[in-house]
Amino acid sequence: MNVIEAPSPNFDPRTVTPSILVLHYTGMRTGEEAIARLRDPEAKVSSHYVVEEDGRIFRLVPEERRAWHAGVSYWRGRRNVNGDSIGIEIVNPGHEFGYRPFPEAQVAAVIALTADIRTRWTIEDRDIVGHSDVAPARKDDPGELFPWKRLAEAGHGLWAEAPPAPGQPIGEGETGAAVFALQAGFTRLGYDLPPSGTFDADTATVVRAFQRHWRPERVDGIADGETRARLIALLRMAA
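Predicted model only: the values in this text are computed from it and were never measured.

Moving on, we get to the packing of helix H6 (residues 177-189) against helix H8 (residues 225-238). Contact pair H6 / H8: the axes reach a minimum separation of 10 Å and the direction vectors enclose 40°. Taken together, the axis directions place H6 and H8 in an arrangement best described as oblique. Of the two elements, H6 crosses H8, and the hand of that crossing is left-handed. Along its contact with H6, which presents Leu 182, Gly 185, Phe 186, Arg 188 and Leu 189, the element H8 presents Arg 228, Leu 231, Leu 234 and Leu 235. Among the residues making up the contact of H6 with H8, the classes are represented as 6 nonpolar, 1 polar and 2 charged.

In structure tokens:
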């Protein structure tokens, strides 16, 4: 695997071993613009890698250093996960500039890079996540068009499909034991969603983030039967 060196000054020392892989999209019009920003000292952002649409891989920060890609974030009890994670930026204009499917060469490169990273660090499948998983209130990337299922089929990450769970969809304003159990399930999976029994705006935000990753056919923040079934199946896989 050929990696092009494009060093960024935006990093600092690690204090823990990386155990999370966070995938992003660049959300800028071109890869060149994104790489320039990630290397700009004034921007104070960076990632370990950038994967271009043609499959080229750029290394900006050594994996042994802490890049600045996740911001305010949380996953499985770990806050501000920059210190715990390796970040891959995938070139795509994103929802703001014309979100589009990820090309084959790019997807293949992301899979190869992920496999290579995991030869050096212990990263569980349940800890291969999107920026929208670790920062659901702020971020949508890499989004519902990213082929999470294919990545999992290649051996990296979790994916589950299951018959829809019985019962009506659960949405904002609803309360009770079913909502409490739903929130507890998202918390067990990794999201920052303390169960309250009330389906509030924070719950809808987490449901939407979950759907972008694991239920991309429906990204509406409503926990329909298939969303709930996939959550249950994923929890069994991650147990």
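Attention now moves to the packing of aromatic side chains. This structure, assessed with the given rule, holds 8 aromatic pairs. Measuring from centroid to centroid gives 5.0 Å for Phe 146 and Trp 148, while their planes differ by 70°, and the two rings are edge-to-face. Using a relative accessible area of 4% as the deciding quantity, one classes Phe 146 as buried. Judged by centre distance (5.3 Å) and plane angle (40°), the rings of Phe 210 and Trp 214 are tilted. Of this pair, Phe 210 and Trp 214 both sit in helix H7 (residues 201-214), separated by 4 residues, roughly a single helical turn. Both residues of the pair, Phe 210 and Trp 214, count as buried. Aromatic rings pair up to connect Tyr 25, Tyr 99, Phe 102, Phe 146 and Trp 148 into one cluster.

So, on to the side chain of Glu 63. Tracing the chain through its elements places Glu 63 in the loop between strand E5 (57-59) and strand E6 (65-67). Apart from the residues lying within four places of it in its own chain, the contact partners of Glu 63 are Arg 14, Pro 18, His 48, Tyr 49, Ile 86, Ile 117, Arg 120 and Trp 121.

Looking now at the layout of surface pockets. Considering only enclosed or pocket space, the largest pocket measures out at about 460 Å³ in volume. Taken together, 24 residues make up the lining of the largest pocket; nearest its centre are Tyr 25, Thr 26, Arg 37, Glu 89 and Lys 139. Contributing elements (two or more residues each) for the lining of the largest pocket: strand E3 (20-25), helix H1 (31-38) and helix H2 (94-97). Residue composition of the lining of the largest pocket, by class: 8 nonpolar, 9 polar and 7 charged. Reported here for the second largest pocket is a volume of approximately 340 Å³. Lining the second largest pocket are 22 residues; nearest its centre among them are Pro 136, Ala 137, Asp 192, Asp 202 and Val 206. Those elements giving two or more residues to the lining of the second largest pocket turn out to be helix H4 (131-134) and H7. Here the residues of the lining of the second largest pocket sort into 10 nonpolar, 6 polar and 6 charged.

Cut-offs applied
- Starting from 1, residues in each chain are numbered consecutively following that chain's sequence as written.
- A pLDDT threshold of at least 70 governs which residues receive local features in this predicted model, and a stricter bar of 80 or more applies before side-chain atom pairs are shown or counted, although totals over entire chains, interfaces and linings include all residues.
- Side-chain descriptors were evaluated using all non-hydrogen atoms of the structure, hydrogens and water having been removed beforehand.
- Between N-to-C directions, angles cover 0 to 180 degrees, with each direction set by a line fitted to C-alpha atoms, over the stretch in contact for helices.
- Going along the chain from the N terminus, every DSSP run of H or I of four or more residues is numbered as a helix, and every run of E of two or more is numbered as a strand.
- Put simply, angles under 35 degrees are roughly parallel, angles over 145 are roughly antiparallel, angles from 65 to 115 are roughly perpendicular, and the rest are oblique.
- Note: crossing handedness is left-handed where the near helix turns anticlockwise from the far helix by less than a right angle, and right-handed where it turns clockwise.
- Should any heavy atoms of two residues lie within 4.5 Å, those residues are counted as being in contact.
- Note that Gly is not counted as nonpolar here; it falls among the polar residues with everything else outside the nonpolar set of Ala, Val, Leu, Ile, Met, Phe, Trp, Tyr, Cys and Pro and the charged set of Asp, Glu, Lys and Arg.
- Put simply, two rings from Phe, Tyr or Trp (the six-membered ring, in Trp's case) pair if the centres are within 6.5 Å, and we call them stacked under 30 degrees between planes, edge-to-face over 60, tilted for the rest.
- Three exposure classes are used, based on accessible area relative to the maximum for each residue type with a 1.4 Å probe and protein chains only: buried under 20%, partly exposed in between, and exposed over 50%.
- Cavity means a closed set of points on a 1 Å grid over the protein atoms alone, one where a 1.4 Å probe fits but cannot get out, pocket means an open set with protein on both sides within 12 Å along at least 5 of 7 lines, and lining means a residue has an atom within 4 Å of a point.
- Grid points are joined across faces, edges and corners, and a volume is the space filled by probe spheres set on the points.

Fair warning: the whole summary comes from geometry, so function is off the table for now.
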